[in-house]
Each structure stands twice: as C-alpha cells, then as structure tokens.
Amino acid sequence: MKRSHLYLTGYRGCGKSTAGKLLAEQLDLPYCDLDDDIEATAGMTIAEIFAGEGETGFRDRETSCLTEVSAQSQRVISLGGGAILRPGNCQVIAATGWCVWLDAEPAVIAERLASDRNTGSRRPALTNLPAASEIVAIMQQREPLYRAVADYRIDTTSRCVDEIVDEIMQAFAKT
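Just so we're clear, the structure is a prediction, and the values are computed from it rather than from any experiment.

Within this structure, the stated rule accounts for 9 salt bridges. Notably, a salt bridge pairs E53 with R61, separated by 2.7 Å at the nearest N-O pair. By relative accessible area, which is 34% here, E53 ends up partly exposed. The exposure class assigned to R61 is partly exposed, which follows from its relative accessible area of 27%. As a salt-bridge pair, E163 and R159 come within 3.9 Å of each other at their nearest N and O atoms.

As structure tokens, then:
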C-alpha cells in the first residue's frame, strides 16, 4: 500500500527544497518546506527562533509543524535537516510517508551553502566550529538517523536536480 507523503530528508544544502518543488510539480501534489512553514508561523527566521527560544524551542515548533502537515492530504514535504533528531518525528515520517535521504560530500555542501545568499541570515550555526568542520561533525552525528528513517538514499554530490528528481520519481512509483 502506498503511504501518503513523499518526504525528503538530509543535511542542508543537499537539494531538498529544489528537488521537492520539482517533485511536487511533476506529481501534481502540494509542496511543503517544513522550515518555511515554521518561519511563516513564527514570523521569524530559524536563526531568530534559535536565538530567542534555543534549539529546544525550535525543535518543539518543528515537531508541531510536522504533526500538522503529516495529517494533511498527500504532498511532497522537505524536512529540515534536524527533523530526524527526535524519535517521535521519525515515527511520524515512517507512519505517514516514504522518505528519501538526499546526501552529498561535505565539501560540496560547504560550496553550496557558501553560494546560497539566504543560508547565513536564515540558518544558525549549530556548533562553534568553522563551517566545513561543522558540516562534517553534524553529518557524522546524523548519518545513522538519516539512514534509519530513509526508505531510499541518493548521493547528490555530482548530480543535477533533474537526474535526482527522475530517480526519485522512478523509485516512488514502485512504492
């Protein structure tokens, strides 16, 4: 039986938002970027939420938003990179959809984030490490969680978004 939602997970800069929008178009489904929904509801950027409420406050908002969105009709949902940190979120994802883990080499992620003019203003640093070291450290911490929640994994390091979307479409059609 096909589960309702198509979730995209992975570290920031792996292509979740870009691929998610294209997938939603091709599947003729609504699209949800969980981070965008959190910011819209809060009236603040994620960096501002982290500054004012800490990571726990942000994660509480994330869980609430995921619970709400997962109860809606079928859609493509791009998760925030840390949504998988709470076991309850992973249970919601597994129970309500099919999840693709978009992954990439840390150096490529660093390049992508450096060229994204919104990353610095919208996303907080997660450690006191330099950006490249932070990416490696956080990815190592989260890798087992991404692996556990994902039904499918794609390395986006040297692939264009159209190739990624085509592969997801083919795999999703078999669910």
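Having put the structure on the table, let's press on.
So, about the nonpolar core. Ranked by size, the top nonpolar core spans 47 residues in total, and within it Y11 and I168 carry the most contacts. Sorting elements by how many residues they give to this core places helix α3 (residues 46-70) first, with 7 residues. What Y11 contacts, discounting residues up to four positions off in sequence, is K16, L102, I109, L113, E134, I135, I138, M139, R142 and Y146.

It is worth spelling out the packing of aromatic side chains at this point. Applying the stated criterion to the full structure yields 4 aromatic pairs. When the centroid spacing of 5.9 Å and the interplanar angle of 35° are considered together, the rings of W98 and Y152 count as tilted. Of this pair, W98 sits in strand β4 (residues 97-103) while Y152 sits in strand β5 (residues 152-155), and the two are 54 residues apart along the sequence. Residue classification places W98 among the buried positions, given a relative accessible area of 7%. We classify Y152 as partly exposed; its relative accessible area is 27%. Here the aromatic rings of W101 and Y146 are separated by 5.8 Å at their centres, their planes lie at 25°, and the arrangement is stacked. Residue W101 is located in strand β4, and its partner Y146 is located in helix α7 (residues 131-149); the two are separated by 45 residues in the primary sequence. Each member of the pair, W101 as well as Y146, is classed as buried.

Parameters and conventions
Residues numbered from 1 in each chain as written. Predicted model: local features only at pLDDT ≥ 70, side-chain atom pairs only at ≥ 80, totals over all residues. Heavy atoms only, no water. Salt bridge = Lys/Arg side-chain N within 4 Å of Asp/Glu carboxyl O. Buried < 20%, exposed > 50% of the residue type's maximum accessible area, 1.4 Å probe, protein only. Core = buried A, V, L, I, M, F, W, Y, C linked by side-chain atoms within 4.5 Å. Helix = DSSP H or I, 4+ residues; strand = E, 2+ residues; numbered from the N terminus. Contact = heavy atoms within 4.5 Å. Phe/Tyr/Trp six-rings, centres within 6.5 Å; stacked < 30°, edge-to-face > 60°.

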